[in-house]
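# Architecture and fold: a report
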Amino acid sequence: MITPIGHTGTVVVGLDGSEAAQRAVRWAASEAARRKSPLRVVHAELPLPPDAPDLSGMARRALHEEALHWTEAAVEAALAVAPGLAVEVRVEVGSALRLLEEESETAALVVVGSRGLGGFAGLLLGSVAVGLSCHSRCPVVVVRGDDLVPDGPVVVGVNGSPENWHVLDRAFEEAGARGAELVAVHAWKPPLGTPGIAESVGIVWSELDVVRGAKVVQRLEACADRHPGVKVSTHVVHGSAAHRLVEFAHGAALLVVGARGTGGLTGMVLGSTSQAVLRHAPCPVLLVRPVLAEQVEHGAR
């Protein structure tokens, strides 16, 4: 039995003044209100370069005033979404990734935008989002999409990996908490290019779909026992997992994927499916780290 994670405690959101971060604040405020949890807005002020002494303190004061302006606007935005919400603010000089990693030690959820200030024009996924995906001690949501659909379904990919159990369990939990339908997608690439070529050597794609579909249902039923009442629709489709998940995520409230992060702070790497989903998903993406889920499971034994 996996202990449910993420429905108590503080929701933390990273803020850097970008429009993506403002969208993340609004989403996090709505999520905190739904959970009946407080919201903490965290901003990391830029450290001054060592070769640029600030003898008068003007540069530091300017950065701090900018931070206060951004956090005040964030609090106003959060309260506009969820009046009466308890909102805390943390502003500190340092690395945004370090501060949010610290917050993740006790937070229920850390929320960030998909792209921060100062990114290259073609970089759709901010370095802080990548770093948290690899190192956070709690689940991470990267808020994507311009037209959010809070009452949409929860989408999750189904595969045969051991880590997928934790992803599915989390997806069931999120769907149940929202009273939403769970859309389970299993994507695979059939052999030999086309149905005609495959059938010429005795391979029938539709028959393989049935076999895979039965395995998917069996895997989902094992999780459904722990989450009664969640309506599930199952889809066995052809193509890459990332491409098909992005398609099904249109109109979804949340897309849940696994994060197999590796590497240090300067060499952060995500799995190919997670990377593609985070670059192209039309809705917020919840990343579930297998190592985190395993630790939670071990602690419940």
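Residues numbered from 1 in each chain as written. Predicted model: local features only at pLDDT ≥ 70, side-chain atom pairs only at ≥ 80, totals over all residues. Heavy atoms only, no water.

### Points about the packing of helix α1 (residues 19–35) against helix α2 (residues 58–81)
When two helices pack together, their arrangement is given by the angle between the helix axes and by the axis-to-axis distance. Condition: Lines fitted to C-alpha atoms define the axes, with helix axes restricted to the stretch in contact, and inter-axis angles between N-to-C directions lie between 0 and 180 degrees. Counting from the N terminus, the helices are the DSSP runs of H or I reaching at least four residues and the strands are the DSSP runs of E reaching at least two. Note that the term roughly parallel is reserved for angles under 35 degrees, roughly antiparallel for angles over 145, roughly perpendicular for angles of 65 to 115, and oblique for everything else. Take the far helix as your reference; a near helix turned counterclockwise from it by less than a right angle gives a left-handed crossing, and one turned clockwise gives a right-handed crossing. Throughout, a residue-residue contact means that at least one pair of heavy atoms, one from each residue, lies within 4.5 Å. Classification used: nonpolar for Ala, Val, Leu, Ile, Met, Phe, Trp, Tyr, Cys and Pro, charged for Asp, Glu, Lys and Arg, polar for all others including Gly.
Contact geometry for α1 and α2: axes closest at 8 Å, N-to-C directions at 40°. On the basis of their axis angle, the class for α1 and α2 is oblique. For the pair α1 and α2, the sense of crossing is right-handed. On α2, the residues that touch Gln22, Val25, Arg26, Ala29 and Ser30 of α1 are Trp70, Ala73, Ala74, Ala77, Ala78 and Val81. Among the residues forming the contact of α1 with α2, the class breakdown is 8 nonpolar, 2 polar and 1 charged.

### Some thoughts on the confidence of the model for the chain
So the rule is basically this: Values of pLDDT, ranging from 0 to 100, describe the predictor's confidence in every residue of the model.
Here the chain averages 80 in pLDDT, while 77% of its residues score no lower than 70. Confidence scores differ between elements of the chain, with helix α10 (residues 290–300) showing the lowest mean pLDDT of 45 and strand β6 (residues 154–157) the highest of 96. Within the model, the stretch residues 293–301 combines pLDDT values under 50 with 10 contacts to residues more than four positions away or in other chains.

### Some thoughts on the packing of aromatic side chains
Our working definition: Any two rings among Phe, Tyr and Trp, with Trp reduced to its six-membered ring, count as a pair given centres within 6.5 Å; such a pair is stacked if its planes are under 30 degrees apart, edge-to-face if over 60, and tilted if neither. Consider the ring centre and the ring normal. A charge sits over the ring if Lys NZ or Arg CZ is within 6 Å of that centre and within 35 degrees of that normal.
Counted under the stated rule, the structure contains 0 aromatic pairs. Arg219 extends its terminal NZ or CZ atom over the ring of Trp165, reaching a point 4.1 Å from the ring centre.

### Focus on the pattern of salt bridges
It is possible for side chains of opposite charge to pair when their charged atoms get near one another. Cut-off, in case you're wondering: Salt bridges are defined as contacts in which a side-chain nitrogen from Lys or Arg sits within 4 Å of a carboxyl oxygen from Asp or Glu. The classification of residues rests on relative accessible area computed with a 1.4 Å probe and restricted to protein chains. Under 20% of the type maximum is buried, over 50% is exposed, and intermediate values are partly exposed.
Evaluation of the coordinates by the stated rule reveals 18 salt bridges. One salt bridge connects Glu31 with Arg178, and the closest N-O pair in it is separated by 3.0 Å. One end of the pair, Glu31, is in helix α1; the other, Arg178, is in helix α5 (residues 164–178), and 147 residues separate them in sequence. As far as the burial class goes, Glu31 and Arg178 line up, both buried.

### Some words on unusual backbone geometry
Here the phi dihedral of Lys36 falls at roughly 60°; this positive angle occurs in a residue that is not glycine. The residue Lys36 is located in the loop between α1 and β2 (39–45) in this model. Among the residues examined, Lys36 registers a relative accessible area of 77% and is labelled exposed.

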